[in-house]
Amino acid sequence: MNYDPLDCSQNSLNRLDASNTCQPSQTEISVYECELTLRFRLIEERAAFHDLDEDELLEKLLEAVTCGNDDYMEIGQKQIRVSELSEVQASPKMRRQLIRLRNFMGS
């Protein structure tokens, strides 16, 4: 799943005004480093995870976790850390996206 912060249909930073045009909100944006460690048990068909590349497997597991605990999944351990980075710590690609997003929001 690719996230495009400039896409009005996916972005919580944008809203529709009375004329149904996409308008950026006055929201500050920043770069964050996020670390998520999960350990959970899942009941699933044996074939469900075969022949998946790493990205597909991650997407499937995240989908299972977002559904929450139920009779087929239980979360055992979780650690979550989110920290704001200075812009100079971000990669050049992330800095370009940040500039692009700020320019879009300022227009």
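Residues numbered from 1 in each chain as written. Predicted model: local features only at pLDDT ≥ 70, side-chain atom pairs only at ≥ 80, totals over all residues. Heavy atoms only, no water.

## Quick word on the pattern of salt bridges
Within the structure shown, the criterion is met by 2 salt bridges. R81 is the partner of E35 in a salt bridge, and the nearest nitrogen-oxygen pair spans 2.5 Å. With E35 in strand β3 (residues 31–42) and R81 in strand β4 (residues 73–85), the pair connects residues that are 46 residues apart, well separated along the chain. A residue is classified by how much of its surface remains accessible, and E35, at 41% relative accessible area, is partly exposed. (Salt bridge = Lys/Arg side-chain N within 4 Å of Asp/Glu carboxyl O. Helix = DSSP H or I, 4+ residues; strand = E, 2+ residues; numbered from the N terminus. Buried < 20%, exposed > 50% of the residue type's maximum accessible area, 1.4 Å probe, protein only.)

## Section: a nonpolar patch on the surface
Taken together, the side chains of Y32, L36, L58, L62, I80 and V82 define a hydrophobic patch exposed on the protein surface, amounting to about 610 Å² of accessible area. Summarising the element assignment, L36 is placed in strand β3. (Patch = residues over 30% accessible without salt bridge, like charges linked within 9 Å, V, L, I, M, F, W, Y side chains within 5 Å. Areas by Shrake-Rupley, 256 points an atom, 1.4 Å probe, with all protein chains shown as cover.)

## Concerning the environment of L98
With respect to the secondary-structure elements, L98 resides in helix α2 (residues 92–106). Measuring from C-alpha to C-alpha, the distance between L98 and V31 comes to 7.9 Å, with 67 residues separating the pair along the chain. In this structure L98 touches I29, V31 and E87, once residues within four positions along its chain are discounted. (Contact = heavy atoms within 4.5 Å.)

## Some details on the nonpolar core
Counting residues in each nonpolar core, the largest one holds 7 residues, listed as I29, V31, L85, A90, L98, L101 and M105. By residue number, the principal contributor to this core is α2, which donates 3 residues. Look past the residues within four positions of L85 in its chain and what remains in contact with it is S30, V31, Y32 and E33. (Core = buried A, V, L, I, M, F, W, Y, C linked by side-chain atoms within 4.5 Å.)

## Section: the environment of V65
Mapped onto the elements of the fold, V65 is located in helix α1 (residues 54–66). You can call V65 buried: its relative accessible area is 16%. Sequence separation between V65 and L38 is 27 residues, and the spatial gap between their C-alpha atoms is 9.2 Å. Ignoring any residue separated from it by four or fewer positions in sequence, one finds V65 in contact with L38, F40, M73 and I75.

## Concerning a negative patch on the surface
A contiguous patch of negative charge on the surface is contributed by D53, E54, D55, E56, E59 and E63. Positionally, E63 belongs in helix α1. In this structure E63 comes out as exposed when scored by relative accessible area, which is 52%. (Lys, Arg positive; Asp, Glu negative; His and termini not counted. Charge placed at Lys NZ, Arg CZ, Asp CG, Glu CD.)

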